[in-house]
Structures are given as structure tokens and as C-alpha cells.
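Descriptive structure summary
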Amino acid sequence: MSERHAESATRRLGQLMHRLRGLASPSPEDLVDIDLPRRQLWALFIVTRHGPLSVSALAQATDASVASVSSLAERLVRSGHLRREADPQDRRVVLLSATEQGESVVDRLQSRSHARFDRLVEAMSPEGRAALEAGLTDMMRAADELGLLADDEPHPHHESHPNPDPQHGDQP
């Protein structure tokens, strides 16, 4: 494959992956009964899936400042979605964990996301599904060989998630 053709394929794949990420984001219909700004929803998702977490661990996972995450966590505590508790191993550290209400919100969004993905895959041709699976499997193999797959750190891009865009702040 020529270098020019490879660059073109890389650009097209990047564009497709960008559009696919948009499919993973909650639609307006998904959020109609969820009264949380996207940034809070993003933090809630991370704590629910990877918690309990300290504020500094959540700040690192969201690539935000500790001060910003601290005030965001306070809003989620006040709304009943998160709780604070002392770390049993170090009482100076405060851990954030999801409440039942917080877990329910994330579970609802996950269920809606999975249903949308199921509809999408079912709408594909059998040949398209097989080709996609083969291509993604090969891409993951290459990523693994290149050491691009992250460890088990609490990072939102490593599993299916509601993917609210943290770049848009607390805007829904």
C-alpha cells in the first residue's frame, strides 16, 4: 500500500471512528428524564464503574483539576447521586461512591445505549458484521502489540459508556 493511500485510509478511519463515538453519546431522547448536566453525568459514570474513587483519582480520570472535580462532586452529593465516605485504609482520604440513585441513572443510560447498539448491529448485513468484527479484532490485536491498550486504570474510554462530552462543561 502506498504511503499516500495509507494516509487516506487512516484519515477515513479516523473520521469514521469520530462519527461512531457520536453514536455512543446519549441522544436527547436518552437524557429526557435525566436532570444532570453532561459533565456531572460523566463523573457519575466513572465513579459508578470504577469507584469508590478519591477526588484526585476522579480528577485524573476526567482530565480536570481537583478543585473543579471537588465542586462537581459536591453537586452530585447534594443531588443524592454520590456519597462521601472515609477510606478505611487512610481516614484522611475521602472516597466518592455512587448511591443507588446514581447507579440507577447510569444503568438506565447503559441500557438505552446497548439497545441502540443492538439495533444498529442488527441493521447491518451479515457480511458487514463479519467484516467489522474481523477489522476491529485486527485493530485491537495491533493496539495490543504496540502497547496502546491501557491497564485497568479508571479511564472512561476503556469500556462502553454514555460518553457525555467533558469538553462542553456542565452543558446538557
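Given the structure is predicted, the values throughout are model-derived calculations rather than measurements. (Residues numbered from 1 in each chain as written. Predicted model: local features only at pLDDT ≥ 70, side-chain atom pairs only at ≥ 80, totals over all residues. Heavy atoms only, no water.)

Describing the pattern of salt bridges
With the rule as written, the count across this model stands at eight salt bridges. Of the charged contacts in the structure, one is a salt bridge between Glu74 and Arg78, with a shortest N-O distance of 3.7 Å. Placement of both Glu74 and Arg78 in helix 5 (residues 66-78) is noted, with a separation of four residues, approximately one turn of the helix. Residue class for Glu74 comes out partly exposed when judged on its relative accessible area of 27%. Classification of Arg78 as exposed rests on a relative accessible area of 60%. The residue Asp90 makes a salt bridge to Arg92 at a minimum N-O spacing of 3.0 Å. Accessibility expressed as a relative area gives 23% for Asp90, which makes it partly exposed. Judged by its relative accessible area of 73%, Arg92 is exposed. Taken together, the shared-partner salt bridges in this structure form one network comprising Asp33, Arg108 and Arg112. (Salt bridge = Lys/Arg side-chain N within 4 Å of Asp/Glu carboxyl O. Helix = DSSP H or I, 4+ residues; strand = E, 2+ residues; numbered from the N terminus. Buried < 20%, exposed > 50% of the residue type's maximum accessible area, 1.4 Å probe, protein only.)

Remarks on the pairing of strand 2 (residues 82-87)
Along a regular strand, successive side chains alternate from one face of the sheet to the other. Two strands pair when backbone bridges link them, and strand 2 and strand 3 (residues 90-98) are joined in this way by six bridges, in the antiparallel orientation. Each residue of the ladder has a partner; that of Arg83, found in strand 3, is Ser97. Joining the antiparallel neighbours strand 2 and strand 3 is a turn of two residues. (Pairing = 2+ DSSP bridges.)

Considering the pairing of strand 3
With two bridges connecting them, strand 1 (residues 53-54) and strand 3 associate as antiparallel partners. Directly across from Ser54, in strand 3, lies its bridge partner Leu95.

Some details on the environment of Ser125
As for its placement among the helices and strands, Ser125 is situated in the loop between helix 6 (100-123) and helix 7 (126-145). Take Ser125: its relative accessible area is 36%, and that puts it in the partly exposed class. A polar atom in the side chain of Ser125 sits 2.9 Å from the backbone nitrogen of Gly128. (Polar contact = N/O pair within 3.5 Å; in protein donor to acceptor, adjacent residues only side chain to side chain.)

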